[in-house]
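Given next are the chains, with one letter for each unit.
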Amino acid sequence: MRLSTLSLLVLQAASTCIGLPSSSTRDPVIAKAKAELEVLALSALQKTRKAAKGGQCTPEKIKIRKEWGALTKVERLEYIQAVQCLQAKPSRYPASLAPGARSRFDDFVVTHINQTQTAHYTGNFLGLHRYFISLYEQALREECGYRGTQPYWDWAKTAETGLSASPIFDGSATSMSGNGVYIPSQGDIVLGGIEGSELPPVYLPAGTGGGCVTSGPFANMSVNLGPIALDVPGGGPQQSNPAGPFAYNPRCLRRDLSDAVNQRFANASSIRHVLSQETVANFQMIMQGIPGSGDIGVHGGGHYSLGGDPGRDVSTSPGDPAFYLHHAMIDRVWWMWQMVDAKKRVYGEKTAVAGTRTFLNIPESGKTTLDDVVDFGYAAGPGRKLNELMSVVEGPFCYVYV
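The protein is annotated in an unreviewed UniProt entry as Tyrosinase copper-binding domain-containing protein from Neurospora hispaniola.

Written out as structure tokens, the structure reads:
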């Protein structure tokens, strides 16, 4: 009997579960979490394959998204070249709206800036970013001839190997570029602690870089937009471009890779904790970090592991090409969680989404519904209702993660 590509991948994924945890994992809590994550990922893959049999997205058509280290060197180079192609194509935004946007790559930064306050700590956080990543992948494919899929960054892997030892960040020609130049004696990154706020500050250790990225394919790229609210070492005021968020402000890509942040907030146990939540309200809140708890969640853990500029600026963070690998992992974790109980977590009118339409409901806003529309303006489209963005094998989507 001839097996489909997806069937072979299911069998391959199942084989990796045998013998877990690996002998290289010394922490029993982490080892247990890794084993459970493998089982959940395999289960999600099998259930999604069955769910895809009835619609336009059939098992034969499903695209496979892989972890960066699972790509061949040729596949990594093809992805990198497509990103560089997007960075070389002219922006679609009118100069009157976004004078600093100089490329199609920048267009995605502009629309993320526009939606920062209505796309984080909101009921559409997960669905909106799923569509955002998919449209970016689509732009790479349709505008730059990319034949692959959007890869992801498995934070649990880099929490063990170290970021700079990962093929994502080792600075080689087949990486997403490496760390920034080391800046000594950097102070902690201080989140919150704003005068008049009741929430205590969160102190994160600075990483092992901080300066311009000088290795790998994105060493010479230009970050053109922002900053808007860039967290800086030492806890000083957040940096912003006085000329405005959409003004042209070319500068180098900076990174400040932090293994300490990765290991603390985005390890295998952290991911397993997110996946243990019963409701989408708890799932998305713990994923993003409960304000005042001192935990920035796996979402914050990835962003602040990367650090630098624009990595530590929530609005302009898509200006670092590694953003898309990070948010593909966010989407992967959501997919794994959804497939535990698809009836409620994918299709439940009252159980698939929760929350309001503004950042922590400031200012007060209505509740998110599945009829709410996600629209990215000039960057990409068309607009879609949230109910079209719940399943990875329905609506505009047809993919799984392995």
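Having seen the structure, we can now continue with the description.
Q: How would you summarise the overall build of the protein if you had to cite specific residues and measurements?
A: Check the secondary structure of the protein and you find 13 helices and 10 strands. For 402 residues, the compact-globule estimate of 2.2 N^0.38 gives 21 Å, and the C-alpha radius of gyration of the protein, at 20 Å, lies within 12% of that figure. With the principal axes as the frame, the protein shows a C-alpha extent of 65 × 50 × 45 Å. Evaluated residue by residue, the protein yields a buried proportion of 54% over its 402 residues. Partitioning the contacts of the protein with sequence separation of at least 6, the portion at a separation of at least 24 is 72%.

Q: Account for the environment of glycine 377, with residues named and values stated.
A: If you trace the backbone, glycine 377 turns up in the loop between strand S8 (373-374) and strand S9 (384-385). As for glycine 377 and cysteine 57, which are separated by 320 residues in sequence, their C-alpha atoms are 26 Å apart.

Q: With reference to specific residues and values, describe the packing of aromatic side chains.
A: Using the criterion set out here, one finds 21 aromatic pairs in the structure. Considering the side-chain rings of tyrosine 399 and tyrosine 401, the 5.6 Å spacing of their centres and the 85° angle between planes classify their relative orientation as edge-to-face. The exposure class assigned to tyrosine 399 is buried, which follows from its relative accessible area of 3%. Overall, tyrosine 401 belongs to the buried group, its relative accessible area being 2%. Looking at arginine 65, its charged tip hangs above the ring of tyrosine 399, at a distance of 3.8 Å from the centre. When the ring centre of tyrosine 248 is taken as reference, the NZ or CZ atom of arginine 102 above it lies at 3.6 Å.

Q: Can you tell me about the pattern of salt bridges, naming the residues and giving the values?
A: The final tally for this structure, using the stated rule, is 17 salt bridges. Between glutamate 36 and lysine 32 there is a salt bridge whose closest N-O contact spans 2.6 Å. In this pair, glutamate 36 and lysine 32 both sit in helix H2 (residues 28-51), four residues apart, roughly one turn of the helix. Under the relative-accessibility criterion, glutamate 36 is labelled partly exposed at 25%. A salt bridge links aspartate 331 to arginine 65; the shortest N-O distance between them is 3.8 Å. On the criterion of sequence distance, the pair formed by aspartate 331 in helix H12 (residues 323-338) and arginine 65 in strand S1 (residues 63-65) is long-range, its members being 266 residues apart. A cluster of three or more residues bridged by salt bridges with shared partners is formed by Arg65, Arg130, Glu137 and Asp331.

Q: Explain the environment of glutamine 288 residue by residue, including any values.
A: Counting through the fold element by element, glutamine 288 comes out in helix H9 (residues 280-288). Spatially, the C-alpha atom of glutamine 288 lies 7.3 Å from that of tyrosine 121, the residues being 167 residues apart in sequence. Setting aside residues no more than four positions away along its own chain, glutamine 288 makes contact with His120, Tyr121, Phe125, Ile296, Gly297 and His299.

Q: Which residues make up the state of the cysteines, and what are the values?
A: For the coordinates displayed, the defined rule picks out three disulfides. A sulfur-sulfur separation of 2.1 Å characterises the disulfide bridge that pairs cysteine 85 with cysteine 144. Because the sign of the S-S torsion sets the handedness, a value of about -85° for the bond joining cysteine 85 and cysteine 144 places this disulfide among the left-handed ones. Of this pair, cysteine 85 sits in helix H3 (residues 73-88) while cysteine 144 sits in helix H5 (residues 125-144), placing them 59 residues apart in sequence. Judged by relative accessible area, cysteine 85 falls into the partly exposed class, the value being 22%. With relative accessibility at 18%, the residue cysteine 144 sits in the buried group. What pairs with cysteine 212 in a disulfide is cysteine 252, and their sulfur atoms sit 2.0 Å apart. Sign of the S-S torsion, about -75° for the bond between cysteine 212 and cysteine 252, identifies this disulfide as left-handed. In this pair, cysteine 212 sits in strand S5 (residues 210-213) while cysteine 252 sits in strand S7 (residues 251-252), placing the two residues 40 residues apart along the sequence. Here the cysteine-cysteine linkages of the protein are recorded as 1-6, 2-3, 4-5, numbering only bonded cysteines and doing so in sequence order.

Q: Now, about the UniProt feature "domain: Tyrosinase copper-binding" (unreviewed entry) in the protein: what can you tell me, with residues and values included?
A: Taken from the UniProt record, the annotation "domain: Tyrosinase copper-binding" (unreviewed entry) applies to residues 320-331. A distance of 18 Å separates the end C-alpha atoms of residues 320-331, which is 75% helix and 0% strand.

Thresholds applied
Residues numbered from 1 in each chain as written. Predicted model: local features only at pLDDT ≥ 70, side-chain atom pairs only at ≥ 80, totals over all residues. Heavy atoms only, no water. Helix = DSSP H or I, 4+ residues; strand = E, 2+ residues; numbered from the N terminus. Rg over C-alpha atoms; globule rule 2.2 N^0.38 Å. Buried < 20%, exposed > 50% of the residue type's maximum accessible area, 1.4 Å probe, protein only. Contact = heavy atoms within 4.5 Å. Phe/Tyr/Trp six-rings, centres within 6.5 Å; stacked < 30°, edge-to-face > 60°. Lys NZ or Arg CZ within 6 Å of the ring centre and 35° of its normal. Salt bridge = Lys/Arg side-chain N within 4 Å of Asp/Glu carboxyl O. Disulfide = S-S within 2.5 Å. UniProt positions renumbered as here; feature names shortened; annotations may be inferred.

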